[in-house]
Amino acid sequence: MQNRVQLSGKDILEKDFKTAMRGYNQEEVDEFLDIVIQDYEAFGQEIDRLKQEIQRMKKSSEGQARTRSTNPVPQQVNYDVLKRLSNLEKAVFGSKYANADS
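Small disclaimer: the values here were computed from a predicted structure and weren't measured.

Peer 1: Any chance you could explain the overall build of the chain here in plain terms?
Peer 2: Along the chain, the regular secondary structure elements total three helices and zero strands. Overall, the chain shows an N-to-C arrangement of helices and strands of α-α-α. Considering the chain as a whole, with its 102 residues, one finds that 4% of them fall into the buried category. Just so you have it, the chain exposes about 10,400 Å², and 54% of that area is on carbon and sulfur atoms.

Have a look at this one:
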């Protein structure tokens, strides 16, 4: 269940509060609400940007998945690297055992 946004920046801007004796300073409240509106709109823009990025990434990953499934890449074995690794193991382990015997 997603949370539903109940207020827009315009709703916040147009909200009027009743004045009462010994109430809050109206200018301070208005200044604070102006900041809230700016933040609210910035968050909305960031949410929209992130939604677009998610869609772009989904499309990109779907395209990559399709490419992989239609063009399977044959596995290549690099025999030269395997041979060098084997020779290296022989050199390391062979010399280790030779030194242990002496």
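Peer 1: Looking at this model, I keep getting lost on a negative patch on the surface. Mind explaining?
Peer 2: A contiguous patch of negative charge, built from Asp 11, Glu 14, Asp 16, Glu 27, Glu 28, Asp 30, Glu 31 and Asp 34, is present on the exposed surface. Broken down by secondary-structure element, the contributors of at least two residues to the negative patch are α1 (9–14) and α2 (26–70). The residue Glu 31 is located in helix α2 in this model.

Peer 1: Looking at this structure, how should I read the packing of aromatic side chains?
Peer 2: How two aromatic rings sit relative to each other is set out by the distance from centre to centre and by the angle between their planes. Counted by the stated rule, this structure contains zero aromatic pairs. Between the NZ or CZ atom of Lys 15 and the centre of the ring of Phe 17, over which it lies, the distance is 5.4 Å.

Peer 1: Help me out: how do you make sense of a nonpolar patch on the surface in this one?
Peer 2: There is a patch of nonpolar side chains on the surface, built from Tyr 79, Leu 82, Leu 85, Leu 88, Val 92 and Phe 93 and spanning about 620 Å² of accessible area. By the element assignment, Leu 85 lies in helix α3 (residues 79–101). Among the residues examined, Leu 85 registers a relative accessible area of 44% and is labelled partly exposed.

Peer 1: Would you mind going over the confidence of the model for the chain with me for this structure?
Peer 2: On average, residues of the chain carry a pLDDT of 79, and 78% of them reach 70 or more. Mean pLDDT across the elements of the chain bottoms out in α3 (72) and peaks in α2 (86).

Peer 1: Please explain the environment of Leu 13 as it appears in this structure.
Peer 2: Within the secondary structure layout, Leu 13 lies in helix α1. Classification of Leu 13 by relative accessible area gives exposed; the value is 57%. Along the chain, Leu 13 and Leu 33 lie 20 residues apart, while their C-alpha atoms are 7.1 Å from each other. Those residues in contact with Leu 13 that sit more than four places away from it in its chain are Asp 34 and Ile 37.

Calculation notes
Residues numbered from 1 in each chain as written. Predicted model: local features only at pLDDT ≥ 70, side-chain atom pairs only at ≥ 80, totals over all residues. Heavy atoms only, no water. Helix = DSSP H or I, 4+ residues; strand = E, 2+ residues; numbered from the N terminus. Buried < 20%, exposed > 50% of the residue type's maximum accessible area, 1.4 Å probe, protein only. Areas by Shrake-Rupley, 256 points an atom, 1.4 Å probe, with all protein chains shown as cover. Patch = residues over 30% accessible without salt bridge, like charges linked within 9 Å, V, L, I, M, F, W, Y side chains within 5 Å. Salt bridge = Lys/Arg side-chain N within 4 Å of Asp/Glu carboxyl O. Lys, Arg positive; Asp, Glu negative; His and termini not counted. Charge placed at Lys NZ, Arg CZ, Asp CG, Glu CD. Phe/Tyr/Trp six-rings, centres within 6.5 Å; stacked < 30°, edge-to-face > 60°. Lys NZ or Arg CZ within 6 Å of the ring centre and 35° of its normal. pLDDT = per-residue confidence, 0-100. Contact = heavy atoms within 4.5 Å.

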